[in-house]
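Residue-level listing of the chains:
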Amino acid sequence: FYCDAENAYYMEDNFQAALADLSRAIEADRTFLNSYVLRAKIYLEQGDLVAAEHHGRAALFLQDAHGYAILGRVAEQHGDLVTAEKMYLQGGPQVFQSFAWEMSLYGRRGDFTVLSLFDTPGPGTSEFTAWIALLNLYELQGRTADAQAVRDAILRLDAYYPLP
């Protein structure tokens, strides 16, 4: 299983070992999302914006919204704050409206909710990566009202999220 060792190498700043393992992971499975996102993060750390953008776009192509956070950081590094903001806005958590299934039960029409709304899991903490980057961008620009709006949106989705 890939990405456990790669994450450890990444956390230790051993980027060459992480990239080597990630290359093997991609050879084994070209659709393994985490490989592209982690490669993009490493390339960002190393200042290789072309490679970071390439892997961020590959993650988006494979339907991983973390690619938006990567592309936002690349745009920010290029000084294109308008594009960075757009990428961060698109990279927020996927929020779905829960709908019940309608069915006939004992001759009466009704609805059957597969998961009750209270038991439905919310977004994972990593899904807020782009919004946290957006929050930081707004704070750096002195846009406190916009930063607060991002904070409020995160807390509406996860009241216990540890905001910076």
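Anything mentioned here points back to the structure above.
Residues numbered from 1 in each chain as written. Predicted model: local features only at pLDDT ≥ 70, side-chain atom pairs only at ≥ 80, totals over all residues. Heavy atoms only, no water.

(A) Quick look at the nonpolar core. With 18 residues, the main nonpolar core has Tyr88, Phe128, Trp131, Ile132, Val150 and Ile154 as its most contacted residues. Sorting the residues of this core by element identifies α5 (66-77), α6 (81-90), α7 (129-140) and α8 (144-157) as the ones contributing at least two each. Sorting elements by how many residues they give to this core places α7 first, with eight residues. In this view, Tyr88 contacts Tyr68, Ala69, Gly72, Arg73, Glu76, Ala130, Trp131, Ala133, Leu134 and Leu137; residues no more than four positions away in its chain are not counted. Core analysis: the second largest hydrophobic core is formed by 15 residues, Leu22, Ala40, Leu44 and Ala52 among them. (Core = buried A, V, L, I, M, F, W, Y, C linked by side-chain atoms within 4.5 Å. Buried < 20%, exposed > 50% of the residue type's maximum accessible area, 1.4 Å probe, protein only. Helix = DSSP H or I, 4+ residues; strand = E, 2+ residues; numbered from the N terminus. Contact = heavy atoms within 4.5 Å.)

(B) Just helix α3 (residues 33-46), in detail. Here α3 spans 20 Å end to end across 14 residues, near enough to the 20 Å set by a 1.5 Å rise per residue. Buried within α3 we find Ser35, Tyr36, Val37, Leu38, Arg39, Ala40, Ile42, Tyr43 and Leu44. Directly after α3, the chain includes Gly47, whose backbone phi takes a positive value near 85°. (Expected span 1.5 Å × (residues − 1).)

(C) Inspection of the environment of Pro93 at higher detail. Mapped onto the elements, Pro93 comes out in the loop between α6 and β1 (101-105). Sequence separation between Pro93 and Glu127 is 34 residues; the distance between their C-alpha atoms is 5.0 Å.

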